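Summary of the model geometry
Listed below, chain by chain, are the residues.
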Amino acid sequence: MQGIPVVLDVDTGVDDACALLLAALHPGLDLRAVTCVGGNAPLVDVVRNTLTVLEMVGRTEVPVGIGAARPLLEDPVDARHVHGSDGMADLGLPSPAMRPDERIAVDLLRDTIEASADEGRPLTLVPLAPMTNIALLARLHPHAFRRLGRVVFMGGGANVSNATAAAEFNVFHDPEAAAVVLDACAVHEVPVTMYGLDVFYEPKVTDAHVARLRGIDTAAAQLAAALISFHHRRFASDGATIGDAGAVATLLAPDAVRTERRPVRVELSGTWTRGRTIVDTRDWSGDMAHDPHGPAPASVDVALEVNGPWLADVWLRTVGGEDW
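Notes on the structure follow. (Residues numbered from 1 in each chain as written. Predicted model: local features only at pLDDT ≥ 70, side-chain atom pairs only at ≥ 80, totals over all residues. Heavy atoms only, no water.)

A few points about the overall build of the protein chain
A count of helices and strands for the protein chain gives 13 helices and eleven strands. At 19 Å, the protein chain has a C-alpha radius of gyration in line with the 20 Å of a compact globule built from 324 residues. Dimensions of the protein chain along its principal axes, counting C-alpha atoms only, are 65 × 40 × 40 Å. Burial analysis of the protein chain (324 residues in total) assigns 57% to the buried set. Long-range pairs, those at least 24 residues apart, make up 82% of the contacts in the protein chain between residues at least 6 apart in sequence. When the accessible surface of the protein chain is split by element, carbon and sulfur atoms take 51% of a total near 13300 Å². (Helix = DSSP H or I, 4+ residues; strand = E, 2+ residues; numbered from the N terminus. Rg over C-alpha atoms; globule rule 2.2 N^0.38 Å. Buried < 20%, exposed > 50% of the residue type's maximum accessible area, 1.4 Å probe, protein only. Contact = heavy atoms within 4.5 Å. Areas by Shrake-Rupley, 256 points an atom, 1.4 Å probe, with all protein chains shown as cover.)

As C-alpha cells, this is what we get:
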C-alpha cells in the first residue's frame, strides 16, 4: 500500500526532529518534502538540523526548502532555552553533506502539492512551526493551496498556553500567519486539524524507553534516544513528550485522537492575549444575535484528547525498527 503523501514544515527543534524521524521512516507515510522556517531556532540552525536528521536516516532524496527567517510582522524570537543552543539538543553532530533544494520553500510547496494532486493523491500538509511559510503559500500560490487534501498543524490550544499566559509558541511567534492560514482553509474548503497544547504533552517516552533505544545499533534509534534524553535532563524528568511527533502520529493512528469541530479565530490585537487561538465551544443552535462577531469562518477539528501511550508507541516502534 502507498503511504499518505505528506510535507512537513518545521523549525527543527528537538520535537521537530522526533517528527522528522517518524515521517521519514514509517512506511505508512510518503514524505515528499520538508520546508524550514525560523522558530525554535534561527533559520540557519533549523536548516542544518533538518538536513542532519534526514541524512542520518538515509533520506537524502527528500527535498528541503529554505523558507522565512522571521515572522510576517514581528521580530523573531526563539526557544533555544528549551531545545539547546543549536536548536537540537547540543549533540555536537557533524555538519551534513546534504544540501537544500534550489527552490525556496513556497515554490517547493507549490510544486509538491500540485504534483501530488495531479497523481490523484492530495497532499497532507503538516506545519509543526510558526506558519509563516504556509501563509506565504496561501497568498502567493492560492491555486496550489486549494489543491491540498488536508492541513494538520501543531499549534494553539483550547485551554492550554505556554509562550504567554494566553498563547502557544508557534501561533504566538507569527499570529498573522496563523490567521491567514485559517482564513485560506475556510476560503478554499481545505480541511484543517489543530493539534494543540491540550494534547501535546500526552505522548511520553520514559527513561526505560530511552535505555532500550540506546541498545539498538541504528542511527535512528541512537538519535531518538539522545533527543529524548536531552529533555529528560533539561527538565529533570523521567518522561518527555514526543511533542510535534504526536501530530504526525495521529495520521497513522486516527482513532487515538478525539476532535471536535469548532470555529477558531486567532487573536491579533489583544494587549494580554495576542496569539491566542479562540476556540468557540458555544452551542450555536441557540440565539446568538447579541454577539456582534458571529462564529469564526474557519471550522477546525480541534484535538481535545489523545491516547498518549498509543501515539508514543507508534513513534517508538518506528524509530526502534525491527529490534524494538
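More follows now that the structure is in view.
A look at the pairing of strand β9 (residues 257-266)
Here β9 runs beside strand β11 (residues 299-306); their pairing, made up of seven bridges, is antiparallel. Counterpart to E260 in the pairing with β11 is V302. As paired strands, β9 and strand β10 (residues 277-279) are joined by three bridges and run antiparallel to one another. Residue pairing in the sheet places R265 in a bridge with I278 of β10. (Pairing = 2+ DSSP bridges.)

What about the sheet that holds β11?
Within a beta sheet, neighbouring strands are joined by backbone hydrogen bonds and run either parallel or antiparallel to one another. Ordered by their spatial adjacency, nine strands build an open sheet running β3-β2-β1-β4-β5-β6-β11-β9-β10, and the pairing between neighbours is mixed. Looking along the sheet, the strands with just one partner apiece sit at the ends: β3 (64-66) and β10. Adjacent strand axes in the sheet meet at a mean angle of 30° when their direction is disregarded. As defined by bridge partners, strand β4 (residues 124-127) adjoins strand β5 (residues 150-154) across two bridges and the pair is classed as parallel. Bridged to L125 within β5 is V151. Packed on one face of the sheet, helix α5 (residues 132-140) meets β1 (4-10), β2 (29-36) and β4 and runs near 140° to β4. (Axes fitted to C-alpha atoms, helices over the stretch in contact; angles between N-to-C directions.)

Re the nonpolar core
Judged by nonpolar contacts, the single largest core of 66 residues is most densely connected at L8, L213 and W315. With nine residues, the single largest contributor to this core is helix α1 (residues 14-25). Once you skip the residues sitting within four places of it in the chain, W315 turns out to touch C18, L22, V205, L213, A224, I228, I242 and A245. In terms of nonpolar packing, the next biggest core, distinct from the first, is built from 35 residues, A33, A138, F153 and V181 among them. (Core = buried A, V, L, I, M, F, W, Y, C linked by side-chain atoms within 4.5 Å.)

What to know about the pattern of salt bridges
Opposite charge on two side chains lets them pair, provided their charged atoms get close. Counting across every chain of the model gives 20 salt bridges. Between D30 and R32 there is a salt bridge; the shortest N-O distance is 2.7 Å. Under the relative-accessibility criterion, D30 is labelled partly exposed at 23%. Judged by relative accessible area, which is 18%, R32 ranks as buried. One network of salt bridges, in which partners are shared, links D101, R103, D107, R110 and D111. (Salt bridge = Lys/Arg side-chain N within 4 Å of Asp/Glu carboxyl O.)

A few points about α5
Restricting attention to buried positions, one finds in α5 the residues T132, N133, I134, A135, L137 and A138. Against the buried residues of α5 lie β1, β2, α4 (105-118), β4, α6 (142-145) and α8 (175-188).

Describing unusual backbone geometry
For residues besides glycine, phi is generally negative; the peptide bonds are generally trans as well. Between T12 and the following residue, G13, the backbone shows a cis peptide bond with an omega angle of 5°. By the element assignment, G13 lies in the loop between β1 and α1. Notably, A89 is not glycine yet its phi reads approximately 70°, a positive angle. When you line up the elements, A89 lands in the loop between α3 (80-83) and α4. Notably, E189 is not glycine yet its phi reads approximately 55°, a positive angle. Inspection of the secondary structure puts E189 in the loop between α8 and β6 (192-195).

Thoughts on the packing of aromatic side chains
Summed over all chains, the structure comprises one aromatic pair. Relative to Y201, the ring of F200 lies with its centre 5.0 Å away and its plane at 85°, an arrangement referred to as edge-to-face. A residue is classified by how much of its surface remains accessible, and F200, at 10% relative accessible area, is buried. On the basis of relative accessibility, which here comes to 35%, the residue Y201 falls in the partly exposed class. Lying across the ring of W324, R212 places its NZ or CZ 4.0 Å from the centre. (Phe/Tyr/Trp six-rings, centres within 6.5 Å; stacked < 30°, edge-to-face > 60°. Lys NZ or Arg CZ within 6 Å of the ring centre and 35° of its normal.)

Some points on the environment of R59
Note that R59 resides in the loop between α2 (43-56) and β3. Accessibility expressed as a relative area gives 17% for R59, which makes it buried. Between the C-alpha atom of R59 and that of I134, which follows or precedes it by 75 residues, the distance is 23 Å.

Examining the packing of α1 against α2
At a minimum axis separation of 10 Å, α1 and α2 run at an interaxial angle of 35°. Relative to α2, the crossing made by α1 is right-handed. Counted together, A17, L20, L21 and A24 of α1 and T50, V53 and L54 of α2 form the full contact between these two elements. (Left-handed = near helix turned anticlockwise from the far one by under 90°.)

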